[in-house]
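# Notes for the structure review
Here is what each chain is made of, one letter per residue.
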Amino acid sequence: MLRRALPSTKRLVGRTFSTVEQVARPSKWKRRLLIATGVAGAGGATVFGFSYSSEKKRQEVEKKIRSVEEKAVPTRAQQLKRLASGEEFDVLVVGGGATGAGVALEAQLRGLNVACVEQEDFASGTSSKSTKLLWAGSRYLVKGLVKLFSPSSITSPATAWNDFMGTWHMVLGCFRERTYMLTMNPHITNWVPIAVPLDKWIIWPPPFDYPPAALGPCTGLFVIFFKFYDLLGKYVAPSSFVMSSERARADFPQMDGKRMKYVSVFYEGEHNDARTNLCIAFTAAMYGAAISNYAKVERILFDEKGVAQGAEVLDKADPNAKPFQIKAKKIIYCGGPFTDGLRQLSEGQDVKPMVNASGGTHIVLPPYYCPRHIGMVDMMTSRGSFLFFLPWEGYTLVGTTDVKTKPDLHHQVPEDEIQYLINECEKYLSPSLRVRRRDVMSAWYGIRPLCGDPNAKDQSSASRDHVVSHHPSNGITFVSGGKWTTWREMAEDGVEQVIQRHPELKKKAGPSISLETPLLGTGKTDLFPEGYHENLAVNLSQKYDLAFDVAQHLVRNYGTRAGQVLDMVDQDTVKGSRSGLYKHYRRLYEGAAATTGYPYLEAEVRYAVNHEYAVSPADVLARRTRLAFLNSTAARLCLPRVVEIMAECLGWSPERALLEHEQAEQLLARDFAGPVPNKEGALLRSACTADVKDVFDHIDVEQKGTLTKSGIAKAAAELGFPLSQAELQKAVSEMDTDKNGEVHFPEFLAWWNSSEKSQDVQKKFFMGTRRGSRWKTLEE
């Protein structure tokens, strides 16, 4: 039976009914719940939308990668022949670092005819000496926000806003470029989680000199920032997260976890910078660019109106080479910190310098100082800069410093900067760990360009990231500045501006497609017809019965071309392993194969010479492999074998091989520091490292791998070179730099190359260990 509803205003005994208006208005807690639900729903929808978009993008990228077909890259000899043929190019790029190789690739992909020359090796300067990160600019974003919300912005809000928007667009560009590198080129890049340790609830002095940031740890401000960072990256990278003190101790036992309140973790990209540079250069060559290293521009050629129309170039790798001319409609300088030196070729020696150089030192420590799967950053060092502590190539990379310097392609590593890094990296390490100076396996010094535009009407408008400058009379353009992450963006910007200023090139050039073009090593090959995929190393290991660490190394450096490297193996040297699980392919540094895990093969030397334009031993040890960057002593020890293989490939005479050996010894000694400090003002003789090791091994009669005072005395008696107590005491005192009573080989090598006081003792060592050999007398 239906009943008629009572009017809402009707009052009944014991109960009160609200009016229509009252029913429509929810209570305060319900309103809050609705708002929270709406915000959470919107946030969830945003995250889901980005996640869906990222997954769709990933599938598109995989499809794109697997549709590319790898083509043969011309040899260096073929490239030089083409460069010297008299062919006129649309663009001549001078410089083969990340920027120069990138400009060559961008222009070639747009349909232009491109030549590119580098005076030394690809990535021999700044591009091989970075912190190895492809990062989206978290520091720039923080500084931009701090400046925007600082009291100074109140007086000039428009200026503050414009400055922030400049930073904002730069950071968004970094995110785009990082996404390109990590998704389109997975064979040479990887994600690395970076821990931000927080050992105080309130930080003082405040980070970035911004007082509100002092409350970052206790308010969760840093956690919120990194979630915002994830959002800006459209969740392409793994999501940031927080580790408790207990979890930090488990995941990062080297960190002083007991002292941490908590640890915030975010993700950035990482790569092998020199190998990336090579990939860019050879991708340009694969698509048709005429490109060569060790091709130095001697002078610029001009027409009757003073407009540059080419260059005279010399092949530095050939002692008998004669200069040749390259004709080009446009010249682009990409010299990084050496841009002013290139400008002198076309503008005279009195050109006004526009590049300020900033020097940075990096050190490499043994793998036990950092987990393989996570790194760390100190955002507030004693100098107020960032310091990264990262796993790289199986070892621990620490850097960088930031000091003003002068451009120098082969800058000796400052000893005080090495010590600074050692002191700083101990800040967050467990008290049970002490980083020793002798733990520094290698160290190097890179120089970054900070550039202005000499041809800009308003100098205050110079770019905060990179500069593209056009000379008004000679028509030459230079591109400089920037960072590794934005190499492609810089190249696109530079080429686009050149095209817009040249009607003939504008008519010929197509749109930019570099953002959709993967680099060399991702496409289909005969061995891998499906192109790159995440199990490529497994396939390679199974096909060649290859140790998995070597397979991983080859795939991460050569991608789908890894099989071509193994085709260079001398099959007579392949043996079975002790375990019987795989074959043993001869490695460059056999002495370390079982203990320190260097996966570099001798076949890579042959591949580097035949396919990657390597013409000197340093090219192989520093940039085709990275042994010099990981262990400078090991690189110098295997130098004789590298020279031997290269001599076979290039047909060097014994005299040429000896010269190359000596030059490589000097270069490696100057560019890379090691476990023993460089002595200020010492005369480094850079004796052959292998010969010094031979002397060391002979003296080490006890076969302990170290020398002691008693052991040296015993060796002197057995080998027949008597030493007085005074000579012995003086020599051991000089050798034993850490005063622990034992002399390791790096200490012995440094003493041999620098000591002026103990040369008589060294002669006795040398003669005593050479008895019965082809050296009969000291003079011989």
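Structure shown above.
A quick note: this is a predicted structure, and the numbers were derived from the prediction, not measured.

### Regarding the overall build of the protein
For the protein, the count of helices and strands is 29 helices and 20 strands. Out of the 780 residues belonging to the protein, those deemed buried represent 54%. Within the protein, residue pairs in contact and separated by at least 24 positions form 70% of the contacts whose partners lie at least 6 positions apart. When the accessible surface of the protein is split by element, carbon and sulfur atoms take 54% of a total near 35800 Å².

### Considering the environment of Lys-329
Position of Lys-329 relative to the elements: it lies in strand β10 (residues 324-333). Residues Lys-329 and Phe-89 lie 240 residues apart in sequence; the distance between their C-alpha atoms is 6.5 Å. Not counting residues up to four positions away in its chain, the partners in contact with Lys-329 are Glu-88, Phe-89, Asp-90, Ala-308, His-502, Glu-504 and Leu-505.

### Some remarks on the side chain of Glu-660
Relative to the helices and strands, Glu-660 is located in helix α24 (residues 654-671). Other than its neighbours up to four places away in sequence, Glu-660 contacts Val-615, Ser-616, Pro-617 and Trp-652.

### Some points on unusual backbone geometry
Cis peptide bonds are those with omega within 30 degrees of zero, and the linkage from Trp-204 to Pro-205 qualifies with 0 degrees. Among the secondary structure elements, Pro-205 is positioned in the loop between β4 (189-198) and α8 (216-219). The phi torsion at Phe-208 lies on the positive side, around 60 degrees, for a residue other than glycine. In this structure, Phe-208 sits in the loop between β4 and α8. Here the phi dihedral of Tyr-613 falls at roughly 65 degrees; this positive angle occurs in a residue that is not glycine.

### Some details on the pattern of salt bridges
As enumerated under the stated definition, the model contains 38 salt bridges in all. Here Arg-110 makes a salt bridge to Glu-106, at a shortest N to O gap of 3.6 Å. Judged by its relative accessible area of 8%, Arg-110 is buried. What emerges from the salt-bridge pattern is a single network uniting Glu-88, Asp-90, Lys-329, Glu-504 and Lys-508.

### Points about a nonpolar patch on the surface
Together, Trp-201, Ile-202 and Leu-215 line one region of the surface with nonpolar side chains, adding up to about 300 Å² of accessible area. With respect to the helices and strands, Ile-202 occurs in the loop between β4 and α8.

### Topic: the packing of aromatic side chains
Aromatic ring pairs are described here by two measures, namely the spacing of the ring centres and the angle between the planes. Inspection of every chain in the model, using the stated rule, returns 30 aromatic pairs. On the basis of an interplanar angle of 75 degrees and a centroid distance of 6.1 Å, the ring pair of Trp-135 and Phe-388 is categorised as edge-to-face. With Trp-135 in the loop between β3 (133-134) and α5 (138-148) and Phe-388 in strand β13 (residues 387-392), this pair connects stretches of sequence that are 253 residues apart. Pair check on accessibility: Trp-135 and Phe-388 agree, each one buried. Between the aromatic rings of Phe-241 and Tyr-267, the centroid separation amounts to 6.4 Å while the plane-to-plane angle is 50 degrees, which identifies the pairing as tilted. Of this pair, Phe-241 sits in strand β5 (residues 241-244) while Tyr-267 sits in strand β6 (residues 262-271), and the two are 26 residues apart along the sequence. For Phe-241, a relative accessible area of 23% gives the class partly exposed. Grouping aromatic residues by their ring pairs yields a cluster made of Trp-135, Tyr-140, Phe-208, Phe-386 and Phe-388. The residue whose ring lies beneath Lys-132 is Trp-392, and the NZ or CZ to ring-centre distance is 5.0 Å. The residue whose ring lies beneath Arg-626 is Phe-629, and the NZ or CZ to ring-centre distance is 4.2 Å.

Scoring rules and cut-offs
- Residues numbered from 1 in each chain as written.
- Predicted model: local features only at pLDDT ≥ 70, side-chain atom pairs only at ≥ 80, totals over all residues.
- Heavy atoms only, no water.
- Helix = DSSP H or I, 4+ residues; strand = E, 2+ residues; numbered from the N terminus.
- Buried < 20%, exposed > 50% of the residue type's maximum accessible area, 1.4 Å probe, protein only.
- Contact = heavy atoms within 4.5 Å.
- Areas by Shrake-Rupley, 256 points an atom, 1.4 Å probe, with all protein chains shown as cover.
- Salt bridge = Lys/Arg side-chain N within 4 Å of Asp/Glu carboxyl O.
- Patch = residues over 30% accessible without salt bridge, like charges linked within 9 Å, V, L, I, M, F, W, Y side chains within 5 Å.
- Phe/Tyr/Trp six-rings, centres within 6.5 Å; stacked < 30°, edge-to-face > 60°.
- Lys NZ or Arg CZ within 6 Å of the ring centre and 35° of its normal.

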